[in-house]
Structure formats: C-alpha cells, structure tokens
Amino acid sequence: MTSNTRVVVIGAGLAGVRLARRLGELGTPALLIGEEEHRPYNRVLLAEVLAGRYAPEVIALPAPAALTRARVTGIDRAGRTVRCADGSVIAYDTLVLATGSNPVLPPLRGLFGSGRALPEGVHAFRTMDDCLGLSGAVRPGVRAVVVGGGLLGVSAARALAVRGAQVVLAQQAERLMERQLDPAASRLVRRHLTDLGVEVHTECRVRDVRCAGGAVRSVELADGYALDADLVVLACGVRPRTGLAEEAGLAVRKGVLVDDELRTSDPHVHAVGDCAQHAGTVYGLAAPALEQADALAALLAGDTAARYTGTRSLTRLTLAGHGGPFDLAAFGETEARPGDDVVQLADATRGTYRKVVVRDDRLVGGVLVGELGTVGALARAWEGAEPLPGDGPLLHLLTNDGGS
C-alpha cells in the first residue's frame, strides 16, 4: 500500500488508537475518528479511576495527531465515504471499523421511561462519562447495587466499596466471574469483596428498578425482595457495536465477520477489536484487540505476509483495597475434563490458590489467585502449546517464579 492511500479508522479506543499509531510509525498515516469528547483512554483502567486510584488523565492513551472528533452516522461503500452527524463527509481508500462494544442493558421493568434515558442514579459502566458520572455520585454511605458479577461487575463493586459505598452485588449465575474462574477461585474473589464490606448475592436475578421523582429508589429481586438503592450500576456484559456495519450491508453475526487479513465482506473495509468476529470468536478483551491492530497495521503498510490467526489471551485483574492488592489471572480451560491431570496448591491463610489443567501432556488452562510470581512461566508454557517435559514439570511451574 502506498503512503498516499487514505486509511480512515472509526473508533478511538485501544484498538483504533494502536492501529493509527502503528500505521504512523510505518509511514502510512491514518485519520482516526472518535466520537467521545475525552482524550482517548484505556478503558481497562476505568475502575481504577472510579476507585480514586488514578485521575482520568493518567489513563489517557498517546493518540496520533490526526484525530477528528465526530460521530459517524453512515458508510457509503460504493462512493468510499463516511458521513458524520455534523454533515461532513470523509473519503477513504481503506476503512477500518474499530467501533468497540456497547454495554448490555438488561430488560428490567422500570429501567426506561418514555425515552431511552436511564433514571437518575442508574448507570452503565463502559465510558469515561459513565465513570465520571458514577464518581460524582459516590459518597461514603451511599447505597449502591451492582447488577452483574463478571469481571466488570466485580471491578465496579470493589471500586465503589473502596470509596465508602454500601455495596450489594447481585449475580444471576451461581458464582462470581464464572466465565473465567473455577469455583475455588470464585470463592476467594467473593471473600475479598466481603472483606471490603460488599454484600454478595449469587443465583439472584434482578427484575425491577423502582423509581420516584425520576430517580432510583430500590431494585426488586425475582423472589420479591427489595434492595434500597441510591445508585444502580449495570455491569451485565457488552455487545459488539455493529450498527454501522449492518447498515452498510457488511456480513455480521455476533460481530463484524473478518478473515485472517481482518478484512470484512468488503475488501476495502477491515475491522479490529471488540466489534470484530474472527474464526467464530468475539474476544472483547484488550490483548486480542492490540494484536489485531498490530497485524492489520503491518498488512496495510505493505507486509503482504502479515496475518492474524487468533489470540490465546490471559485475563488478569488486580483489585486494590484495604489490606493490600488482590491479584488473579486465568487462562484457557480452568475446568478439567475426564482424563485431564490437575495440580492445585492452596494456602487458605494467605488467600492464595494455584491450579493448572494438563491434557495429553499439554497445559490447557490455569487459574492463579494471590501471589502471581509464576504467571509468566505458566502463560509461556500455555501459549507455546508444546508438550511438557516428563520430569515433574507441573509442580515446578506452579512453584517456580520464572518471571511474570
């Protein structure tokens, strides 16, 4: 691709900013379009801003110079232009969708009135505006209900508790972070939140938001029990933001379908990050988004051999709080199948837990809670997918620091 070919990237999140910066470094500058008024930021660290650990500017990303603030409303694939809400039209030779994802808003009674605005005191937790709105509403003693016990809900509950809120976490599944952690690790996360004063309810479905005067007053559970609430945080997951792609006629399933060149059904349009679906997978995580951006930057800058073939990503979370940080990491399959070998080390006093799952002499997954000195060695063994040596490597991997 020649340097005068115009690359336009829609979305100024982690994937879009990484792609634009890499292209600039490779001599193929791109125009980045972002609709948020804030400087591009690392969404992964929003909970740290909510907890008061970081100021908003600390999590800002080093954005490229060519950043246009606009909301794209449509794509004309035939004319190779994008339309913006302010009436402007931007031409492209190659278009990249890095539109990210939207928060899932559960179908709760009372959540929406005559319009689509959330009641006062009810917040999603996805953007900097969401974070700043929540941060401004939190004060010691405020009653907060967090709906959702996945990675985002656990992070939000911890942040609110650190700020002095009285927090109740309502999780519909039988345990916290059930998609990443096994039962033993989930119990340790629950204990950590409980130690911070969070009241955790699992197998608990919220069905109703009760408001008075346009502001939330309580939430009602499926069993009829009501929880008083000054704040409600909806942390029910995210959904790929595919509206522009669908309206433009691109192939979309859960996300925008892309091949190993991160190319959509239109050869002039690519997609990366949370909005993209590659080989049946929508990742919704930072590491795959960055890997996709790097691969696409190389390809668009002229490396015809560059490809994206998938990411074996590790989930890592640090929960700061009273008594020091609480660290966890999970990767691959944390639940064993029949015939798998499993090694576990647990120290109830120190609150640490380590487990690895081996299948056919290969490390297929693991979960670590507490001291994470071994995470580097374990992650390398898992990512390499090579057969493990036969001289008792599991215990060595679990107990040897190996670099993190």
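Residues numbered from 1 in each chain as written. Predicted model: local features only at pLDDT ≥ 70, side-chain atom pairs only at ≥ 80, totals over all residues. Heavy atoms only, no water.

**A few points about the overall build of the chain**
Phase 1: Of regular secondary structure, the chain possesses 9 helices and 25 strands.
Phase 2: For a compact globule of 404 residues, the expected C-alpha radius of gyration is about 22 Å, and the chain comes in at 22 Å, within 12% of that figure.
Phase 3: Here the C-alpha coordinates of the chain stretch approximately 70 × 60 × 35 Å along the principal axes.
Phase 4: Looking at the chain as a whole, 49% of its 404 residues are labelled buried.
Phase 5: Restricting to contacts in the chain with at least 6 residues of sequence separation, those with at least 24 account for 59%. (Helix = DSSP H or I, 4+ residues; strand = E, 2+ residues; numbered from the N terminus. Rg over C-alpha atoms; globule rule 2.2 N^0.38 Å. Buried < 20%, exposed > 50% of the residue type's maximum accessible area, 1.4 Å probe, protein only. Contact = heavy atoms within 4.5 Å.)

**Looking at the pattern of salt bridges**
Phase 1: Evaluated as defined, the whole model comprises 25 salt bridges.
Phase 2: Across the pair arginine 210 and aspartate 208 runs a salt bridge whose closest N-O atoms are separated by 3.0 Å.
Phase 3: Through salt bridges with shared partners, a single ionic network connects Arg18, Arg21, Arg22, Glu25 and Asp294. (Salt bridge = Lys/Arg side-chain N within 4 Å of Asp/Glu carboxyl O.)

**Remarks on the packing of aromatic side chains**
Phase 1: Counting across every chain of the model gives 1 aromatic pair.
Phase 2: When the centroid spacing of 5.1 Å and the interplanar angle of 45 degrees are considered together, the rings of phenylalanine 331 and tryptophan 382 count as tilted. One end of the pair, phenylalanine 331, is in strand β22 (residues 326–332); the other, tryptophan 382, is in helix α8 (residues 375–384), and 51 residues separate them in sequence. Of the two residues examined, phenylalanine 331 and tryptophan 382, each falls in the buried class. (Phe/Tyr/Trp six-rings, centres within 6.5 Å; stacked < 30°, edge-to-face > 60°.)

**As for the sheet that holds strand β25 (residues 362–369)**
Phase 1: Spatial strand order, β21-β22-β25-β24-β23: 5 strands in an open sheet with antiparallel pairing. Edge positions in the sheet fall to β21 (314–319) and β23 (341–347), since each has one partner strand and no second. Pairs of neighbouring strands in the sheet enclose a mean axial angle of 10 degrees, with direction left out of account.
Phase 2: Note: β21 against β22, 6 bridges, orientation antiparallel. (Pairing = 2+ DSSP bridges. Axes fitted to C-alpha atoms, helices over the stretch in contact; angles between N-to-C directions.)

**Examining the sheet that holds strand β1 (residues 7–10)**
Phase 1: Read across the sheet, 5 strands follow the order β3-β2-β1-β7-β19 without closing on themselves; strand pairing throughout is parallel. In the strand order of this sheet, the two ends are held by β3 (67–69) and β19 (269–271), each with one partner. Across the sheet, the mean angle from the axis of one strand to that of its neighbour is 20 degrees, orientation sign disregarded.
Phase 2: Of the pairings in the sheet, the one linking strand β2 (residues 30–34) to β3 comprises 3 bridges and is parallel in character. Looking at the pairing, isoleucine 33 lines up with threonine 68 of β3.

**A closer look at the side chain of serine 101**
Phase 1: Along the chain, serine 101 turns up in strand β8 (residues 101–103).
Phase 2: Here the side chain of serine 101 touches aspartate 274 through a polar contact of 3.1 Å, side chain to side chain.
Phase 3: Other than its neighbours up to four places away in sequence, serine 101 contacts Arg126, Val238, Arg239, Pro240, Arg241 and Asp274. (Polar contact = N/O pair within 3.5 Å; in protein donor to acceptor, adjacent residues only side chain to side chain.)

**A closer look at the side chain of histidine 38**
Phase 1: As for its placement among the helices and strands, histidine 38 is situated in the loop between β2 and α2 (46–50).
Phase 2: In contact with histidine 38, other than residues within four places in its own chain, are Arg69, Met128, Asp129 and Leu132.

**Re the environment of alanine 286**
Phase 1: Its location among the elements puts alanine 286 in helix α7 (residues 286–300).
Phase 2: In this structure alanine 286 comes out as partly exposed when scored by relative accessible area, which is 28%.

**Concerning unusual backbone geometry**
Phase 1: Here the phi dihedral of arginine 80 falls at roughly 50 degrees; this positive angle occurs in a residue that is not glycine.
Phase 2: Take arginine 80: it is sitting in the loop between β4 (72–76) and β5 (81–84).

**What about the packing of helix α1 (residues 14–25) against α7?**
Phase 1: At a closest axis distance of 8 Å, the pairing of α1 and α7 adopts a crossing angle of 30 degrees. Taken together, the axes of α1 and α7 lie roughly parallel to each other. When you trace α1 past α7, the crossing you get is right-handed. Between α1 and α7, the contacting residues are Leu14, Ala15, Arg18, Leu19, Arg22 and Leu23 on the first element and Ala286, Ala289, Leu290, Ala293, Asp294, Leu296, Ala297 and Leu300 on the second.
Phase 2: A class-by-class count of the residues in the contact of α1 with α7 yields 11 nonpolar, no polar and 3 charged. (Parallel < 35°, antiparallel > 145°, perpendicular 65-115°, else oblique. Left-handed = near helix turned anticlockwise from the far one by under 90°. Nonpolar A, V, L, I, M, F, W, Y, C, P; charged D, E, K, R; others polar.)

**Some words on helix α4 (residues 151–162)**
Phase 1: Between the first and last C-alpha of α4 there are 17 Å, a value that for 12 residues agrees with the 16 Å anticipated at 1.5 Å per step.
Phase 2: For α4, a buried count of 9 out of 12 residues is recorded, marking the element as mostly surrounded by other parts of the structure.
Phase 3: Among the residues trailing α4, glycine 164 stands out with phi positive, at a value near 95 degrees. (Expected span 1.5 Å × (residues − 1).)

**Thoughts on α8**
Phase 1: A large share of α8 lies buried, amounting to 7 of its 10 residues.
Phase 2: Once α8 ends, the next one or two residues include alanine 385, with phi positive near 55 degrees.

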